[in-house]
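Results of the structural survey
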Amino acid sequence: GSYREAGEFTVEIVDVPTSTVEAMVQYMYTDEIPAEGDPAQLYGVAKKYELDNLAEEVGARLVENIDAENVQDRARILRLHATAGDAQAKKLWEQMYKKLQENPPLMQVLLESLLP
């Protein structure tokens, strides 16, 4: 059978926020990651659609720019892919874990976000 999308000009991606899809498409055309948007979501969508260069670039940003506001989402997405056997995600997870060990207050924020 033929794909429905082959005859249409649109593809629906319903499980990802519009802003994340726009950032993904922008990267596909320009090789530039937009400053706005959620890097954790962009990393997840890059992995889902096998956009390895995007995943590598945004993955580095995930680890470099962790703070109390984003540590939970970023740790969750990296751990999800690391435990699924993704070598790049494992490496990023190890880098993030090291940063958390070096920053006890940030580690505390993450742990407290996990407990009721």
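Residues numbered from 1 in each chain as written. Predicted model: local features only at pLDDT ≥ 70, side-chain atom pairs only at ≥ 80, totals over all residues. Heavy atoms only, no water.

As a further point, take the overall build of the protein chain. Of the regular secondary structure elements, the protein chain holds six helices and zero strands. Across its three principal directions, the C-alpha atoms of the protein chain cover 55 × 30 × 30 Å. Within the span of the protein chain, comprising 116 residues, buried residues form 34% of the whole. Considering only contacts within the protein chain whose residues lie at least 6 apart along the sequence, 53% involve residues at least 24 apart. Of the roughly 7,900 Å² of accessible surface on the protein chain, a fraction of 52% belongs to carbon and sulfur atoms. (Helix = DSSP H or I, 4+ residues; strand = E, 2+ residues; numbered from the N terminus. Buried < 20%, exposed > 50% of the residue type's maximum accessible area, 1.4 Å probe, protein only. Contact = heavy atoms within 4.5 Å. Areas by Shrake-Rupley, 256 points an atom, 1.4 Å probe, with all protein chains shown as cover.)

Now for helix α2 (residues 39-48). Counting buried positions along α2 yields eight of ten residues, so the element is predominantly enclosed. Those residues of α2 not exposed but buried are P39, A40, L42, Y43, G44, V45, A46 and K47. The N-terminus of α2 is capped by D38, whose side-chain oxygen sits 2.9 Å from the backbone nitrogen of A40. E50 occupies a position one or two residues after α2 and carries a positive phi of about 55°. (Polar contact = N/O pair within 3.5 Å; in protein donor to acceptor, adjacent residues only side chain to side chain.)

Bringing the environment of S113 into the picture now. Note that S113 resides in helix α6 (residues 104-114). A relative accessible area of 30% places S113 in the partly exposed class. There is a polar contact of 2.6 Å between the side chain of S113 and the backbone oxygen of L110.

A word on the packing of helix α3 (residues 52-64) against helix α5 (residues 87-101). The geometry of a pair of packed helices is captured by two quantities: the angle between their axes and the separation between those axes. Contact geometry of α3 with α5 gives a least axis separation of 9 Å together with a crossing angle of 10°. The angle between the axes of α3 and α5 places the two elements in the roughly parallel class. Here D52, A55, E56, G59, A60, L62, V63 and E64 of α3 lie close against α5, whose contacting residues are Q88, L92, Q95, M96 and K99. (Axes fitted to C-alpha atoms, helices over the stretch in contact; angles between N-to-C directions. Parallel < 35°, antiparallel > 145°, perpendicular 65-115°, else oblique.)

A few words on a nonpolar patch on the surface. Judged by side-chain polarity, V25, M28 and Y29 come together as a nonpolar surface patch covering roughly 360 Å² of accessible area. When you line up the elements, Y29 lands in helix α1 (residues 18-30). (Patch = residues over 30% accessible without salt bridge, like charges linked within 9 Å, V, L, I, M, F, W, Y side chains within 5 Å. Salt bridge = Lys/Arg side-chain N within 4 Å of Asp/Glu carboxyl O.)

Turning to the confidence of the model for the protein chain, a few remarks are in order. Predicted confidence across the protein chain gives a mean pLDDT of 89, with 91% of residues reaching 70 or more. When the elements of the protein chain are averaged for pLDDT, α1 gives the smallest value, 90, and α5 the largest, 96. (pLDDT = per-residue confidence, 0-100.)

Once that is clear, we can look at the pattern of salt bridges. Scanning all chains against the criterion turns up three salt bridges. Salt-bridge contacts for D15 lead to K48; the nearest nitrogen and oxygen are separated by 2.2 Å. Residue D15 is located in the segment before α1, and its partner K48 is located in helix α2; the two are separated by 33 residues in the primary sequence. Here D86 and K47 are joined by a salt bridge, their closest N and O atoms 2.8 Å apart. One end of the pair, D86, is in the loop between α4 (71-83) and α5; the other, K47, is in helix α2, and 39 residues separate them in sequence.

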